[in-house]
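Close look at the chain arrangement
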Amino acid sequence: MSEVALDPIVPNEEWTLPSRGIVGMTCLIIAEAAIFVIFVVAYIFYLGKSLTGPTPKEVLELPIFTTICLLSSSLTVHAAVSALRGNARRLCSFWLAATVLLGGIFLAGTAHEWYDLIYKHGLTIKTNLFGTTFYSLVGLHATHVVVGLILLSLALFFSMSGDLKEEHHEKLEGLSLYWHFVDGVWVIVFLVVYVLGR
Amino acid sequence: MFATQEWCGLSAMTLSAFVADPTNIFAPAGTPASSIFSLSMLVLGITSAIFLVVAGILTYVLIRYRSRGAGGRGEQEPPQIYGSNQIELSWTVIPILIVVMLFLATTRVIYTTEHAQRPTNALDVTVIGHQFWWEYHYPQLGVVTANELHVPVSDHAHPLPTYLTMSSADTDHSFWVPRLAGKMDVIPNKVNTMWIDPQAKGLYLGQCAQYCGVQHAKMLIRVYADTPEEFAAWIARQRQPAVDDPSVAEGRNVFMHNACISCHTIRGTVATGRFGPDLTHVGSRDTIASGSVPNNPANLRQFIDNPANLKPGALMPPMHLDSHDLDAVTAYLTTLK
Amino acid sequence: MATQIPVTEIQDQKVQSPQRHWLEVLHDWVTTVDHKKIGLMYIGYALIFLVIAGFEALLMRVQLAIPNNHFVSPQVFNGLFTMHGTTMVFFVGMPILFGFGNYLIPLMIGARDMAFPRLNAFSFWISAFGGLLLYFSYVGGSGLYGAGSAPDVGWFAYAPLTARVFSPGHSTDYWTLSLLLTGIGTIGTALNIVATIISMRCPGMKMSRLPLLPWLYLVTSGLTFVAIGPLTAAQIMLLLDRYVGSHFFDTQAGGSAVLWMHFFWIFGHPEVYILVLPAFAFANEIIPVFSRKAIFGYPAMVAASVGIGFISLGVWAHHMFTVGLGPGENTFFTLATMIISVPTGIKIFNWLATLWGGKIHFTVAMMFAIGFLFQFLIAGLTGIMLSVAPFDWQLGNSYFVVAHFHYVLVGAILFMLFSAFYYWYPKMSGRMLSERLGKWHFWLFLIGFHLTFDLMHVPGLLGMPRRIYTYEADRGWMIWNVIISSGAIVQTVATLLFVFNMVWSYFRGPIAGPDPWDAWTLEWSVSSPPPSYNFAEIPVVASRRPLWDLKHPDDPDSDYEMDQPTPHEKQEKSL
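Here is a short report on the structure shown in this document. (Residues numbered from 1 in each chain as written. Chains lettered and ligands numbered in written order. Predicted model: local features only at pLDDT ≥ 70, side-chain atom pairs only at ≥ 80, totals over all residues. Heavy atoms only, no water.)

1. Some words on the overall build of chain C
Helices and strands together make up the secondary structure of chain C, namely 18 helices and zero strands. With the C-alpha coordinates aligned to their principal axes, the bounding extent of chain C is approximately 70 × 65 × 45 Å. Counting only residues that meet the buried cut, chain C has 69% of its 575 residues in that class. Within chain C, counting contacts between residues at least 6 apart in sequence, those at least 24 apart form 82% of the total. Taking the average place of the 29 positive charges on the side chains of chain C and the average place of its 32 negative ones, the gap between the two points comes to 4 Å. (Helix = DSSP H or I, 4+ residues; strand = E, 2+ residues; numbered from the N terminus. Buried < 20%, exposed > 50% of the residue type's maximum accessible area, 1.4 Å probe, protein only. Contact = heavy atoms within 4.5 Å. Lys, Arg positive; Asp, Glu negative; His and termini not counted. Charge placed at Lys NZ, Arg CZ, Asp CG, Glu CD.)

2. Focus on the environment of Gly460 of chain C
Among the secondary structure elements, Gly460 of chain C is positioned in helix H15 (residues 457–461). Look at Gly460 of chain C and you get buried, because its relative accessible area is 0%. Put simply, Gly460 of chain C and Gln394 of chain C are 66 residues apart on the chain and 8.7 Å apart in space, counted from C-alpha to C-alpha. When neighbours within four sequence positions are excluded, Gly460 of chain C is seen to be in contact with Trp176 of chain B together with Ser398, Tyr399 and Phe400 of chain C.

3. Overview of the interface of chain C and chain B
Contacts between chain C and chain B engage 106 residues on the former and 90 residues on the latter. Together chain C and chain B conceal approximately 8,400 Å² of surface at their shared face, both sides included; 66% is due to carbon and sulfur atoms. Three residues stand out in chain C for area buried against chain B, namely Trp393, Gln394 and Arg475 of chain C, and they jointly supply 9% of the buried area on that side. In this assembly, chain C and chain B are joined by two salt bridges. The salt bridge involving Lys218 of chain B is made with Glu472 of chain C; its shortest N-O contact spans 3.0 Å. (Buried area = accessible area lost by both parts, 1.4 Å probe. Salt bridge = Lys/Arg side-chain N within 4 Å of Asp/Glu carboxyl O.)

4. Overview of the packing of helix H5 (residues 129–160) of chain A against helix H6 (residues 169–196) of chain A
All names here are of chain A. Contact geometry for H5 and H6: axes closest at 10 Å, N-to-C directions at 155 degrees. It follows from the interaxial angle that H5 and H6 lie roughly antiparallel. For the crossing formed where H5 meets H6, the hand is left-handed. Contact with H5, carried on its side by Phe134, Leu137, Val138, His141, His144, Val145, Val147, Gly148, Leu149, Leu151, Leu152 and Ala155, involves Leu172, Leu175, Tyr178, Trp179, Val182, Val185, Trp186, Val189, Val193 and Tyr194 of H6 and no other residues of that element. The residue makeup of the contact of H5 with H6, split by class, is 19 nonpolar, three polar and no charged. (Axes fitted to C-alpha atoms, helices over the stretch in contact; angles between N-to-C directions. Parallel < 35°, antiparallel > 145°, perpendicular 65-115°, else oblique. Left-handed = near helix turned anticlockwise from the far one by under 90°. Nonpolar A, V, L, I, M, F, W, Y, C, P; charged D, E, K, R; others polar.)

5. Digging into the pattern of salt bridges
Enumeration over the complete set of coordinates arrives at 19 salt bridges over all chains. Close ionic contact of Asp28 of chain C with Lys37 of chain C constitutes a salt bridge, the shortest N to O distance being 3.5 Å.

6. Description of the sheet that holds strand E6 (residues 173–176) of chain B
Residue and element names in this part refer to chain B. If you trace the five strands from one edge of the open sheet to the other, you get E4-E10-E9-E6-E7, paired in mixed fashion. With partners counted over all chains shown, the strands left at the sheet margins are strand E4 (148–152) and strand E7 (184–186), one partner each. Shown here is a sheet whose adjacent strand axes are inclined to one another by a mean of 30 degrees, direction ignored. Pairing between E4 and strand E10 (residues 220–226): five bridges, direction parallel. Residue pairing across strands places Leu149 opposite Val223, the latter belonging to E10. Strands in contact with helix H4 (residues 228–239) are E4 and E10; relative to E4, the strand with the most contacts, it is inclined by about 135 degrees. (Pairing = 2+ DSSP bridges.)

7. Topic: the state of the cysteines
All names here are of chain B. For the coordinates displayed, the defined rule picks out zero disulfides over all chains. Cysteine Cys263 remains unbridged, with the sulfur of Cys260 as its closest cysteine sulfur at 8.7 Å. Looking at Cys263, the relative accessible area reads 27%, which means it is partly exposed. (Disulfide = S-S within 2.5 Å.)

8. Considerations on the sheet that holds strand E3 (residues 143–146) of chain B
Residues and elements named next belong to chain B. Here we have five strands laid out as an open sheet, ordered E3-E2-E1-E5-E8, and mixed in their pairing. Across the chains shown, the open sheet's two edge strands, defined by having one partner strand only, are E3 and strand E8 (192–196). Sheet twist, expressed as the average angle between the axes of neighbouring strands with direction ignored, equals 25 degrees. Here strand E5 (residues 162–168) pairs with E8 via five bridges, running antiparallel. Each residue of the ladder has a partner; that of Leu164, found in E8, is Met194.

9. Notes on the pairing of E5 of chain B
Residue and element names in this part refer to chain B. With six of seven residues buried, E5 lies mostly within the body of the structure. As defined by bridge partners, strand E1 (residues 123–130) adjoins E5 across seven bridges and the pair is classed as parallel. The residue bridging Val127 from the neighbouring strand is Met166, located in E5.

10. What to know about the packing of helix H6 (residues 171–199) of chain C against helix H7 (residues 212–244) of chain C
Residues and elements named next belong to chain C. H7 packs onto H6 with a crossing angle of 155 degrees between their chain directions and a minimal axis gap of 8 Å. Relative to H7, H6 is oriented roughly antiparallel. Both H6 and H7 take part in a crossing whose hand is left-handed. Across the contact of H6 with H7, the residue classes tally to 18 nonpolar, eight polar and two charged.

Structure below.
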């Protein structure tokens, strides 16, 4: 049988392992990225293959303003995490609010773009292959933005109520990782749909 | 090349003697199937050798190193060997070499089959897969038929291959006649090509090899390899419009005044439907329902009455004809030779 | 630093705890977040579905025994092969393998639970719900042909057969939704496994000291992240096509049927490696113990497993050799598939080298592991045959392929699962399984397996395609089908014996104690079954085989880092 150790159990070296929250969020990001890759591949595959209907060139405009807003929100959420790490809770609330605002502007911009596409140009998901792949890819991204905004708003609420404290900074960091991922996906979508595809 | 042919022929004959089956992939009757056969013999040889060596060593090890004592915790443990870089390297390098060799042999066959030189006198056939039957067009010869494909026999001295250009009208199918060639999928919105060159006169069987719905199992293929004279005669007959036998005028009327004409074509009549098989010469076929039942008046009558009698799930609806009309229209179709 | 494992007192927990009301027990299990209980639930759930899917297979084998049989209708048969495949992959294979991982990983790395216990429970319940949803299809909704709405589109649900126009009922939707849900659970569990292994190892357990089972589960989980996404994406696209009128796979609007195939197989091929890598994990633990030797070439085994994981992401179109991709793509995928045989071969050779020079004990667990070795070798070789694209032009979509993948799934994975059961059942239940019954189980199952799956290669060679509810009498396939079907009956009897063994031994089996096999990894240092907290005090380890070090203080593994010769080897060299 096993022998009992008589010494107190103290490892020789420092035994630190990566944070499980960050590892977990990284895994989730890889899994979500795999889903996005397939929608991007479908978009690229079907470029130029629509049998009818409006083409990207005819109806798409570069969403410069909303893109700047969304990408800036990565900076603001990073600032929020730094603030929380330094126990500057009011500052953290401020940066979180800025993030939510910028993300909200992005969503509003997307909604406006879609309104024009549907009612002015007659492009829906059923219209042709471009419509199918455009709405599904941008829509999937927008869904992830919505989820992110809900979580960020929750974080903002807890930050303002004083419940979000310095010891939670790793959890906020995990959330900010998710938000960086959402922004990263937008960079790809922007390049593929609005630059490459037009 | 000649030696390979001889060897293939001999092996094919030997194997066929053991197992005389109409769809045996080891009984090739055409060039694509033969080149696959040769390659497969090489692959089987290599994999058998690997199996004998590894399984042999495994068997030896199990016998030689079995525990002979009663076992138990007091027993002395054998020397603990943790690994060896040289050994790891050797059994990495040797498999890589085998893989390279096999890969090169394989690539050659891929390219010679898919990029074969096409002779100018090749016959073109367009194949359209349907749920659950095969449509065949001969564009150079103006012939349309269904389910039974006639092609001329080819031989190495005077090759006369048939090039099949294939697509589907609905779901995915696959055209597989094992003794003539490997299978090729038949896919909507995609055109695939393959070629066959049966070396001996005869009937070659196959069937759809990609699940396409309820009656996938009964989407059979019949390829008739005819001598050039027989083939020419068959083409000549197929090009004729439908036989107009006055003794079956009543049955003809039944056909022309029912929904039959919206799905079927009988050339020379008002029936120009394209959804179902062309029936202009249906009486000349050996089988109906895509090869699944013999073509005789009894089966024909049953099928027309309700296709689910013979092929449940076939897309042709029951025609709801009364018994008298059924007899008449059956007699009519039987005359369409 | 020395290995330090505090011994836990052996408690017969059943004797000590008072009789509890069955509702209390039920509540405990339903609300548990304990990885051991969740692992057992996954395993139990999978075993139930194994019986159901096995029954579906039996029905198919009866129908196929003679040509033009009328035992079941074509519609029912098509539903049977779809349900059999879908159930076996998603509701037997995945849960049982993740169940074992759930149970064993924290114990093997010296942790008290998984990284995210509540996520663990959630993942189980959502996967379980997916299975129930799939089977609800038999009773729910209005069936199209009177055979219920059970999916009948094949487990890979090729487009455009799944389009609304060709599958108007809800059978496709049941398939899509139940797998979407289960996919969420799978990602959750894989995430948990990675976070646990990376972040919760006990002190001293560097990655280079991680037992091979967690290593392989790490690779498996990584594959899961990359592979399940494509399936999820394709299924979302299918749902959009069917309900919102999009055109992803709508060939009439210019869509591509081949695109579905690419997306599905980008998932589907790594999926089969997700299924087989845990079997390798079990082999890596069990074969050394019953050879009484450390695994040969630990670093090579890790590298080979990681290599298999990566390469498996690049071979998917070998399922599409007959689709007409063109010689360039066919050639590439032939090469990639052949290359994967190199790391796979390395693993087989390393197992051989582990056996070499050992003292092999033929317990039932080891017998199943040996069966695995022979059978996985054969399965790999028929895989090589299929990787030769022109050979696949004949063999693809035929019973040869069915024989090949059942050889892997049953001959390799299921055999290794049986081995894992005989090996770890004592740890999980506190009792030994009957070796006598186990030997009957082994020999019967071996005979049944070979009757069915060896011979199943032959109809494939004779031109019999798969997924056909019947066949023509003139093809010469009947005799083989009769024997194949009879083998299925033998396997059924053997499996029932195994189930009986598990139930009977739970009540009457000999008490196992903490370490019945004289093994070397941390799970054998705690009682059987382990206490709910696993370890009273977290152990500290100094090598890959902590218990070996404790049992052999004169010759501990910790003296040897990778690739150092042992004193025996040094001695032999100097002679």
